[in-house]
Amino acid sequence: MHRLFVAIRPPADQRAHLLSLMDGVDGARWQSDDQLHLTLRFIGAVDRHRANDIADALGAIRFAPFDVHLTGVGAFDRKGVVDTLWAGVKPRDPLAALHRKIDRACVSVGLSPESRAYLPHVTLARFGRSGGLIDPFLARHAALNRAPFRVDRFTLFESRLGQQGAIYHAIADYLANGAARPPLD
């Protein structure tokens, strides 16, 4: 089985800045440079045949390149307990349009449509059942506003769970005007 997702990797200078923010919250499991991405569509576990169908369907997507920027920080919670710290990404509209194209491609090969609302973000940290106090972190980085970067590609990733957490492997890059992809091994 292949555990897949589709994402954008921010440029190295943007990731370096995000890494510089990661401190000062007890219980936070900070993301590594290799883990920093902007998810466009979580796919989940699929067999090799379905993974190759997804990779083919993604290759048919075309979009006009656009600029986005990292702005602000926030948190997600489950049942009132914070489980994720994130950096926001704007503008939302071109990302949401690309998300919809990717979702339609996934649905065309038999996956269920995405049921959650799409909120563009880059995960900075995850928490177990209890996390540290996040309010100082949120206040300290509320004004995050990085220079724009160009989105002219997206990537199909495989996530492999290990003892140190998830390890992400890029399977294929897709350029805005289309690109060939290598088959999954």
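Reading the values: the criteria
- Residues numbered from 1 in each chain as written.
- Predicted model: local features only at pLDDT ≥ 70, side-chain atom pairs only at ≥ 80, totals over all residues.
- Heavy atoms only, no water.
- Salt bridge = Lys/Arg side-chain N within 4 Å of Asp/Glu carboxyl O.
- Helix = DSSP H or I, 4+ residues; strand = E, 2+ residues; numbered from the N terminus.
- Buried < 20%, exposed > 50% of the residue type's maximum accessible area, 1.4 Å probe, protein only.
- 1 Å grid on protein atoms, 1.4 Å probe; cavity = no way out; pocket = protein on both sides within 12 Å on 5 of 7 lines; lining within 4 Å.
- Points joined across faces, edges and corners; volume = space filled by probe spheres on them.
- Nonpolar A, V, L, I, M, F, W, Y, C, P; charged D, E, K, R; others polar.

A. How the structure looks around the pattern of salt bridges. By the definition in use, this model includes 9 salt bridges. Across the pair Asp 103 and Arg 41 runs a salt bridge whose closest N-O atoms are separated by 2.7 Å. You can see Asp 103 sitting in helix H3 (residues 92-108) and its partner Arg 41 sitting in strand E3 (residues 38-46), a full 62 residues away along the chain. For Asp 103, a relative accessible area of 13% gives the class buried. Classification of Arg 41 by relative accessible area gives buried; the value is 4%. The salt bridge involving Asp 83 is made with Arg 78; its shortest N-O contact spans 3.5 Å.

B. Highlighting the layout of surface pockets. By volume, the largest pocket amounts to about 1100 Å³. Lining the largest pocket are 32 residues, and of these Thr 84, Arg 116, His 121, Thr 123 and Arg 126 sit closest to its centre. For the lining of the largest pocket, the secondary-structure elements that each account for two or more residues are strand E1 (2-8), strand E2 (29-30), E3, strand E4 (66-78), strand E5 (81-90), strand E6 (121-126), strand E8 (153-162) and strand E9 (165-175). The residue makeup of the lining of the largest pocket, split by class, is 13 nonpolar, 11 polar and 8 charged.

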